[in-house]
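# Notes for the structure review
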Amino acid sequence: MWEGKMGGKNSSENSRISAPPGDLPSGEFSCAASLQAMATAGISGISGISGILGSLLQLEENFSSCLARIDALVLKPLLQAEPQDPKEKENFQLLVLLNDRFQSLWNFTEENSRILRGKSQLENSGCIQDFSILWKGEVFLSLYIQYFVTFANFVVVQGFEQAARSKSDAWKLHKAVLKEFLRDFTSESSLGLALHLVLHKPFQEHIQGYLQLLSQLHEQLQEGSERDVVATVLQEFGKLESFISQVLDEAVFTKELWKSLGYKFTDVLCVPERRLLEDSRNLPIASGAARSERLLLFDDVLVLIQGNSFQSFDLKLVWVDENCGEKSAPGLHSLRITTPEETFVLSTKDPQMKAVWRWKLEQAVRQALNGKRDFPLWGRSGEGSEAPSRRFFTYVFRMEGRLRGATYEGEWLWGKPHGKGTLKWRDGRNHVGDFQEGLEHGFGICLVPQRSEDRYDCYKCHWYQGKMRGYGICEYGNDLVYRGYFKDNVRQGFGILENFSAEHPFRYTGHWENDKKNGYGVWDDKERGERYIGMWSDDLRHGEGIVVTQSGLCYQRTFHAGKMGSGILLLEDDSVYEGNFTEELTFVGKGKLSLANGFVLQGTFSSRGGRGLSTHGVLSTAPEPRRQLDQLGLKEFPVEKRWTGIFEQFLEFLHSGCKEETEESYTGFHIQTSKELRKSQEYLCCQRGSEEIFWKIEEILEDLVEHTGPEALQGYLEKALESSLHPLGKLLRALTAAFQATFAGIGANRHLLAMAQDEVKFYSRKIWEFYLGLLRVALERKGRAPAEDADPSLGKGPSLVLPLILPGFYPELSMLYMLQHQREDELYCQGIVELSLFPDIQLLEFLDVQKHLWPLKDLTLTSNQRRSLIKDKCFLSATECLQKLITTVDPREKLEILRRRISWNVSFHLGNTRNAPFHLRDPRNVPFQPGDPRNVPSHMRDTRNVPSNIADPRNVPFHLGTSPGPTSVPPLSSTLWSQSITPVIPNFFS
């Protein structure tokens, strides 16, 4: 609005108009009289802008002269009379500050006089730019505001009355001069009032002189920008006049209050900057239930006085509501006052008094929150907005309750922590996060100190109404880390507890109930080198369980409250023991041992103290049909009951309507580290990039409806499952963590292949169900119902999902498959090696190759004279290919080996024989017909070996539906070989 800043002191103290008290003419003692005469006589006779400029110069010079007299006759003597009393010294410091404000204002007045004097001496003076009061208006206002605020502070603490009672010799010497300077001085008792008047009345009258000159200048100018500038400055000086009057009235009002109250109140409440805005004795209002006799509204606190005690409430944490929420007594009009720890009602019989109190309370609270008073203080017509409901403040709770002694710093709403904040207790507990209606609600981080050691338990979790609920990560002070779900401050649902200490490292992945392991879970004992897969109850193994050891042994048994019962032990040589055995896998008690050769030993077993095993029983050598005990856990652990904790959270997310603020609470298990958890919360609260916006839950549901067609659906599912931000991708990652906890590492045992296969199939069904749930929510948001005549292809949803999720489980499935078929693969490899030793003619005969296709014309040659190019270039290549397949673990590498071999065969079949051996370029020399089904091994001719759900080659990393070329797998016509050799390509679900 204005330009320019204060330039500092441009005139020294020697240049001021000052003189010793005795040399001042008596007719010039009254500054107020000279200023008033100038305002009434000098201004009225001016005309034109140049005349207004001259009058302004005269006004400034007279005011500067008046300030010089005040400085010499009042301030300097007062500053020389420094008191000795500590209380009076505090007031004396206010006087020193008032003198500083006075000197700054005096310096600026002299600087303005000098500028105006220079302008008036110029020939072309009289333009609007010559008025420094216009382009330095902000500095004018700032200096006057600072002076009068400091002056009012001195009035509040009764500084002038105290100064008048000073016994200083320097002060006594000036009293005679002051009697003439202060014409209102009549007696010793009124000296304080005289000092009060002389230090504020000249300033007020000087402001009035400014207003009159600016009004005349405004009338002299025509419509335009210059006139608008003058109007703006005139309006601001009008506000200044109102502000000074209000400040002085509040100061006198507050001073009278401190005089009426006893020292018990004033010693605590009396502060120089504090102002009394309203008193219930002046504007009657009462607190409900007779809790106070008097109500005092200051500019920073609300005080309730009851007898000799009082309560004060910081206005920054006071909310005013005219809707009390309770029925008022007949004839009373009430206001509800809300504070962090108390709520009370103010009542009055007059509705107008209620309106005045409400308005004053609202304005006082708003100004306290802004940290400054309004300008003017109350406005001319009571304008001003209401105080905001949301605030940021620090508060220490004092009353009884769970928050007693705690300090909260953060956002508030209607007297309660609401929003972002930090809560600190005296015992060292800290909570940083989201709050709602005074309780922890949303994501938060809580530190809880351990009493015995200098360590903390750190909970990074979602909270609901003051308690942990939803997904979180807890880093305990004893090196334990829990990643999983909570409910009512305890571990509940699915979670992983891991001990990283070097002494007893372990890892539990499974279900929790009331902070204890309950239900299905997997325990990794890294110290013992074994894994337990089974049921739990109250932190103990209870029910059916499977134990897999690092050495490859696997057994299944029944546990009762941690104690072992009978079970089944599967040995490495395919022997099976059924009965009782110890943790060290020693047979004890009654049991049955079924050997791999068919013999059965049944009886009582006992240990001989390190000298072997003793048994009393019957050995049966008769052939006995063997029960299928190769695969464990299928009946004991139905796949539908294994990981219910994961699916329950995702279903709750669906039932909640897929609200974005609860998404990470229900579906956050894909986050496995504290750093990722912190990033996920920043992601939810911060502005997202263009790619991330696509995965906001609103966009996800919107996009679901647009991709319901078969082709679009498969692409959408593929993209969603690959993303860590999509709910489907989050579910897949949680299931992957559970799957790896069971079947990776020690769990890679061939007896668990069937369990793994069932789980992956079940995952595809549940992911598809969850997709349908999301689609249903999306349609409901659009006001549409799910179509009853949906596309029939949607009924095959799990078959769409299965090939998309398989790559995430390939490492574990491949290892389980290889271990299950290890012996067949070894037998197959041995057969290939033996076939490679056959002479050429014998091999061709064994393979049933027609003689007219044999590449050799002279069959009479001996074997020593004949080196078969067929063996060198074809059969040997096929053998090497199969050997590579056997020794390769990664399915993708197997696919690449087959692709290279098949590509060569196809090229050869199409006539591209440029890279073939010379003798093979003649079709008559080809040893095999590529399309001849006899050249395909019998076990690979059966298409039943190809699972229907992955018949599409695009869905798997290897082509299960493509028959190898004649040189990929040598066709075996021998019945023995065709029945004993297993395909090298893993068929996980056959």
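Look up: the structure comes first, before these words.
Figured I'd write up the structure that's included with this text. All values derive from a computational prediction rather than experimental measurement.

### Some remarks on the overall build of the protein chain
- Along its length, the protein chain carries 29 helices and 27 strands.
- When burial is assessed residue by residue, the protein chain has 50% of its 990 residues classed as buried.
- Accessible area for the protein chain stands at about 48,500 Å²; split by element, carbon and sulfur atoms hold 50% of it.

### A short note on the pattern of salt bridges
- Evaluated as defined, the whole model comprises 31 salt bridges.
- A salt bridge links Arg-491 to Asp-515; its shortest N-O distance comes to 2.8 Å. A residue pair is termed long-range when its members are at least 10 positions apart, and Arg-491 in strand E17 (residues 490-499) and Asp-515 in the loop between strand E18 (506-513) and strand E19 (516-525) qualify at 24 residues.
- Two residues, Arg-750 and Asp-574, come together in a salt bridge whose shortest N-O distance is 2.6 Å. Of this pair, Arg-750 sits in the loop between helix H20 (727-743) and helix H21 (753-781) while Asp-574 sits in the loop between strand E23 (563-570) and strand E24 (576-581), and the two are 176 residues apart along the sequence.
- Shared partners join several salt bridges into a network, and the residues in it are Arg-483, Glu-498, Arg-507 and Lys-526.

### Description of the nonpolar core
- Within the largest apolar cluster, 76 residues are counted, with the highest numbers of intra-cluster contacts made by Ile-133, Leu-134, Tyr-144, Leu-199, Phe-203, Tyr-210 and Phe-237.
- Considering each element in turn, this core owes the most residues, 14 residues, to helix H2 (residues 48-80).
- Setting aside chain neighbours within four positions, we find Phe-203 in contact with Phe-63, Leu-67, Phe-102, Leu-105, Tyr-144, Tyr-147 and Phe-148.
- Grouped together as the second largest cluster of nonpolar side chains are 68 residues, Phe-494, Leu-753, Met-755 and Val-801 included.

### Focus on the side chain of Arg-491
- Using a relative accessible area of 12% as the deciding quantity, one classes Arg-491 as buried.
- Reaching out from Arg-491, the side chain makes a polar contact with the side chain of Asp-515 at a distance of 2.8 Å.
- When residues no more than four places from it in sequence are discounted, the contact partners of Arg-491 are Tyr-476, Tyr-482, Tyr-485, Phe-486, Leu-497, Trp-512, Glu-513, Asn-514 and Asp-515.

### Quick notes on the packing of helix H19 (residues 710-722) against H21
- In the contact formed by H19 and H21, the axes pass within 13 Å of each other and the chain directions differ by 105°. When the interaxial angle is binned, H19 and H21 end up roughly perpendicular. Residues Leu-713, Leu-717 and Leu-721 of H19 touch H21, and the partners they reach there are Ile-767, Trp-768 and Tyr-771.
- Looking at the contact of H19 with H21, its residues break down into 6 nonpolar, no polar and no charged.

### Some thoughts on the side chain of His-218
- Take His-218: it is sitting in helix H10 (residues 201-220).
- Look past the residues within four positions of His-218 in its chain and what remains in contact with it is Arg-227, Val-230 and Ala-231.

### Section: the pairing of strand E3 (residues 294-298)
- Counting buried positions along E3 gives 5 out of 5 residues, so the element sits mostly inside the fold.
- Side chains of E3 alternate between two faces, with Arg-294, Leu-296 and Phe-298 and Leu-295 and Leu-297 buried alike.
- Both strand E1 (residues 276-279) and E3 contribute to a ladder of 3 bridges, which runs antiparallel. Its bridge partner being in E3, Asp-279 is matched across the sheet by Leu-296.
- One ladder, built from 4 bridges, connects E3 with strand E4 (residues 301-306); its direction is antiparallel. When the sheet's bridge partners are listed, Leu-297 is paired in E4 with Leu-302.
- Counted between consecutive antiparallel strands, the loop separating E3 from E4 contains 2 residues.

### Re helix H14 (residues 644-655)
- In a regular helix each residue adds 1.5 Å, so 12 residues correspond to 16 Å; H14 covers 16 Å between its end C-alpha atoms and thus fits that length.
- Listed as buried for H14 are Gly-645, Ile-646, Phe-647, Gln-649, Phe-650, Phe-653 and Leu-654.
- Positive phi shows up at Gly-657, right after H14, with a value of about 90°.

### Focus on unusual backbone geometry
- Notably, Asn-489 is not glycine yet its phi reads approximately 70°, a positive angle.
- Looking at where Asn-489 falls in the secondary structure, it is placed in the loop between strand E16 (480-487) and E17.
- Residue classification places Asn-489 among the partly exposed positions, given a relative accessible area of 38%.
- Here Asn-514, not a glycine, exhibits a phi torsion of approximately 55°, which is positive.
- Relative to the helices and strands, Asn-514 resides in the loop between E18 and E19.

### Points about the sheet that holds strand E8 (residues 343-348)
- A sheet is described by the order of its strands in space; here 4 strands give the open sequence E2-E8-E7-E6, paired in antiparallel fashion. Bordering the open sheet on either side are strand E2 (286-287) and strand E6 (319-321), each of which pairs with just one other strand.
- Helix H13 (residues 351-370) rests against E6, strand E7 (333-338) and E8 of the sheet, and its axis sits at about 20° to E7.

### Considering the sheet that holds E3
- Taken together, the 4 strands give an open sheet; going across it, the order is E1-E3-E4-E5, and neighbouring strands pair in antiparallel fashion. Among the strands making up the open sheet, the edge pair consists of E1 and strand E5 (309-314). The mean inter-strand angle of the sheet, taken between neighbouring strand axes irrespective of direction, is 20°.
- The pairing of E4 with E5 spans 6 bridges and is classified as antiparallel. Residue pairing for E5: Val-303 is matched across the bridge by Ser-312.
- Against the sheet, helix H11 (residues 225-260) touches E1 and E3, its axis set at about 60° to E1.
- Of the strands in this sheet, E1, E3 and E4 are in contact with H13, which crosses E3 at around 40°.

### Details of the packing of H14 against H20
- Relative orientation of the contacting elements H14 and H20 amounts to 165°, with a least axis distance of 10 Å. Considering their axes alone, H14 and H20 lie roughly antiparallel with respect to each other. Of the two possible hands of crossing, H14 and H20 adopt the one that is right-handed. Facing H14, whose interface residues are Ile-646, Phe-647, Phe-650 and Phe-653, H20 presents Pro-727, Lys-730, Leu-731, Ala-734, Leu-735 and Ala-738.
- Looking at the contact of H14 with H20 residue by residue, the classes come out as 9 nonpolar, no polar and 1 charged.

Conventions used here
Residues numbered from 1 in each chain as written. Predicted model: local features only at pLDDT ≥ 70, side-chain atom pairs only at ≥ 80, totals over all residues. Heavy atoms only, no water. Helix = DSSP H or I, 4+ residues; strand = E, 2+ residues; numbered from the N terminus. Buried < 20%, exposed > 50% of the residue type's maximum accessible area, 1.4 Å probe, protein only. Areas by Shrake-Rupley, 256 points an atom, 1.4 Å probe, with all protein chains shown as cover. Salt bridge = Lys/Arg side-chain N within 4 Å of Asp/Glu carboxyl O. Core = buried A, V, L, I, M, F, W, Y, C linked by side-chain atoms within 4.5 Å. Contact = heavy atoms within 4.5 Å. Polar contact = N/O pair within 3.5 Å; in protein donor to acceptor, adjacent residues only side chain to side chain. Axes fitted to C-alpha atoms, helices over the stretch in contact; angles between N-to-C directions. Parallel < 35°, antiparallel > 145°, perpendicular 65-115°, else oblique. Nonpolar A, V, L, I, M, F, W, Y, C, P; charged D, E, K, R; others polar. Pairing = 2+ DSSP bridges. Expected span 1.5 Å × (residues − 1). Left-handed = near helix turned anticlockwise from the far one by under 90°.

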